[in-house]
Amino acid sequence: GIQVEQSPPDLILQEGANSTLRCNFSDSVNNLQWFHQNPWGQLINLFYIPSGTKQNGRLSATTVATERYSLLYISSSQTTDSGVYFCAVAGGSYIPTFGRGTSLIVHP
Amino acid sequence: IAGITQAPTSQILAAGRRMTLRCTQDMRHNAMYWYRQDLGLGLRLIHYSNTAGTTGKGEVPDGYSVSRANTDDFPLTLASAVPSQTSVYFCASSDEYTDTQYFGPGTRLTVL
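To start, this report covers the structure provided alongside it.

Calculation notes
Residues numbered from 1 in each chain as written. Chains lettered and ligands numbered in written order. Predicted model: local features only at pLDDT ≥ 70, side-chain atom pairs only at ≥ 80, totals over all residues. Heavy atoms only, no water. Phe/Tyr/Trp six-rings, centres within 6.5 Å; stacked < 30°, edge-to-face > 60°. Lys NZ or Arg CZ within 6 Å of the ring centre and 35° of its normal. Disulfide = S-S within 2.5 Å. Helix = DSSP H or I, 4+ residues; strand = E, 2+ residues; numbered from the N terminus. Buried < 20%, exposed > 50% of the residue type's maximum accessible area, 1.4 Å probe, protein only. Contact = heavy atoms within 4.5 Å.

### So, the packing of aromatic side chains
In the structure shown here, the tally under the stated rule is 9 aromatic pairs over all chains. Its guanidinium or amino end placed over the ring of Y69 of chain A, R22 of chain A lies 4.2 Å from that ring's centre, counting from NZ or CZ. Its guanidinium or amino end placed over the ring of F74 of chain B, R68 of chain B lies 5.9 Å from that ring's centre, counting from NZ or CZ.

Here it is in structure tokens:
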């Protein structure tokens, strides 16, 4: 199956800082999603982005499918951005594979 | 609109007991999924269903079974629970037009 690697595994920021999270994958994909898991365990879909660039407020994501990576940008981070960010990909089988996540802590 | 509901919220279970985790969605999504989440391992797919009447095995299917009698419900059964099945279980469904996944709140299961 497709291998998914996320980096960095852990990230600590001061409120207001910017950050970039990376997701590398080992094969062609037709589905890539970014999720945020908040400290209470709730998983929220941030982006469906198998290719191209999308923006939603302070968050944006870019996927370069030909080079097999995706980036999630968080600008002007807030304490509510804390949690774990997951990348999930799917190839021809359409069965999702998740990375192990990036744990983000934003200090006030 | 509730989205996806899971029951129970949490459960402590004796090893060897049978347990069914319930998952119901009201979004009329065709595809549904069961994941387990363990510390440091992210989410791993247990079973999935692309449409009512069909199911498939994911990455870690052993010890689990599922059924999909209708579009809304996708129960996960542990026939004889073992301590290694202690985990947080998430149910999800996806929109067939965008493949966007929506998750339930999870069930925290402890097998002693």
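### Some words on the state of the cysteines
Residue and element names in this part refer to chain A. Scanning the entire structure with this criterion turns up 2 disulfides over all chains. Across a sulfur-sulfur distance of 2.0 Å, C23 and C87 are joined as a disulfide pair. One disulfide, between C23 and C87, carries an S-S torsion of -60° and so falls in the left-handed class. One end of the pair, C23, is in strand β3 (residues 19-25); the other, C87, is in strand β9 (residues 83-90), with 64 residues separating them in the sequence. Both residues of the pair, C23 and C87, count as buried.

### Section: the environment of N18 of chain A
All names here are of chain A. Inspection of the secondary structure puts N18 in the loop between β2 (10-14) and β3. Overall, the relative accessible area of 56% leaves N18 in the exposed class. The spacing of N18 and N56 is 38 residues in sequence and 15 Å in space, taken between C-alpha atoms. Every residue in contact with N18, bar those within four places of it in the chain, is listed here: L13, I74, S75 and S76.

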